[in-house]
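Structure assessment
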Amino acid sequence: MIKEMTEKEVEVAASLAMMLWPSHTLEEFYEEMDSLAVDENAVIFIAYKSSEAIGFAQCQLRYDYVEGTNSSPVGYLEGLYVLERYRKSGIARELVKECEHWARRKGCYEFASDCELGNEQSLAMHLHLGFTEANRIICFRKEI
């Protein structure tokens, strides 16, 4: 079962986000998920098997330029995670479909995402889910 996160499920979503982005703290994710729960330009879907939360997808509307797109706003997949033992069972596909439906209801004609350049597993998953590669970039920074 996939459902839109409620304010009561903020802790559940934060725990799943920690598995995807372990360099952050649970407190950071709790605050972020709490703010997203009431943001009309964002949504989080949680996948459940019985009462166990087994995955989540976070998407938002982006109004700034999104690489490879021609419209605004664009639905943007900010994060997608499924517990390893449930991968390759269609859960990610269902979560992304829910995000796409949500973005369509918000007036979007395009849906986008990204992954790190060397993340071959994420690249393969995106392609499998029907995304097409729009561009590759290398980002730079320096202290001034």
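Overview of the structure. (Residues numbered from 1 in each chain as written. Predicted model: local features only at pLDDT ≥ 70, side-chain atom pairs only at ≥ 80, totals over all residues. Heavy atoms only, no water.)

Description of the overall build of the chain
Operational definition: Per the convention used, a helix needs a DSSP run of H or I reaching at least four residues, while a strand needs a run of E reaching at least two, with both numbered from the N terminus. Only C-alpha atoms enter the radius of gyration; for comparison, a globular chain is expected to reach 2.2 Å times N to the power 0.38, where N is the number of residues. The buried label applies to any residue whose accessible area, calculated with a 1.4 Å probe on protein chains only, is under 20% of its type's maximum; exposed applies above 50%, and partly exposed to all values in between. Note on contacts: a residue pair qualifies if any of its non-hydrogen atoms lie within 4.5 Å across the two residues. Using the Shrake-Rupley algorithm and a 1.4 Å probe, accessible areas are obtained, with residue cover drawn only from the displayed protein chains.
Secondary structure summary: the chain contains 4 helices and 5 strands in total. Overall, the chain shows an N-to-C arrangement of helices and strands of β-α-α-β-β-β-α-β-α. On C-alpha atoms alone, the chain measures out to a radius of gyration of 15 Å, which is about the 15 Å that the 2.2 N^0.38 rule sets for 144 residues. Seen through its principal axes, the chain has C-alpha atoms that stretch 40 × 40 × 30 Å. Within the chain, the proportion of its 144 residues that are buried is 38%. Taking contacts inside the chain between residues at least 6 apart in sequence as the whole, the part at least 24 apart equals 56%. Carbon and sulfur atoms make up 50% of the accessible area of the chain, which totals about 9,400 Å².

Re the pattern of salt bridges
As a reminder of what qualifies: Only one rule defines a salt bridge in this text: a Lys or Arg side-chain nitrogen within 4 Å of an Asp or Glu carboxyl oxygen.
If you walk through the whole model with that rule in mind, you get 6 salt bridges. Across the pair Lys 97 and Glu 94 runs a salt bridge whose closest N-O atoms are separated by 3.8 Å. Taken as a pair, Lys 97 and Glu 94 lie in helix H3 (residues 91–105) at a separation of 3 residues, close to a single helical turn. Among the residues examined, Glu 94 registers a relative accessible area of 36% and is labelled partly exposed. Of the charged contacts in the structure, one is a salt bridge between Glu 133 and Arg 136, with a shortest N-O distance of 2.6 Å. Judged by relative accessible area, Arg 136 falls into the partly exposed class, the value being 44%.

As for the side chain of His 126
Residue position: His 126 is located in helix H4 (residues 120–128). The exposure class of His 126 is buried, given its relative accessible area of 10%. Setting aside chain neighbours within four positions, we find His 126 in contact with Leu 77, Ser 113, Asp 114, Cys 115 and Phe 131.

Re the sheet that holds strand E2 (residues 42–49)
Our working rule: Paired strands are those between which DSSP finds at least two bridges. What counts as an axis is a line fitted to C-alpha atoms, over the stretch in contact for a helix, and the angles between N-to-C directions run from 0 to 180 degrees.
The mixed open sheet is built from 5 strands, whose spatial order is E1-E2-E3-E4-E5. Edge strands, defined here as strands with exactly one partner in the open sheet, are strand E1 (2–4) and strand E5 (111–112). Pairing geometry for strand E4 (residues 74–82) and E5, over 2 bridges, is parallel. In the strand pairing of E5, Gly 75 is matched with Phe 111. Across the face of the sheet, helix H1 (residues 10–20) comes into contact with E2, strand E3 (52–62) and E4 while running at roughly 85° to E3. Sheet strands in contact with helix H2 (residues 26–36) are E2 and E3, and its direction is about 60° off that of E3.

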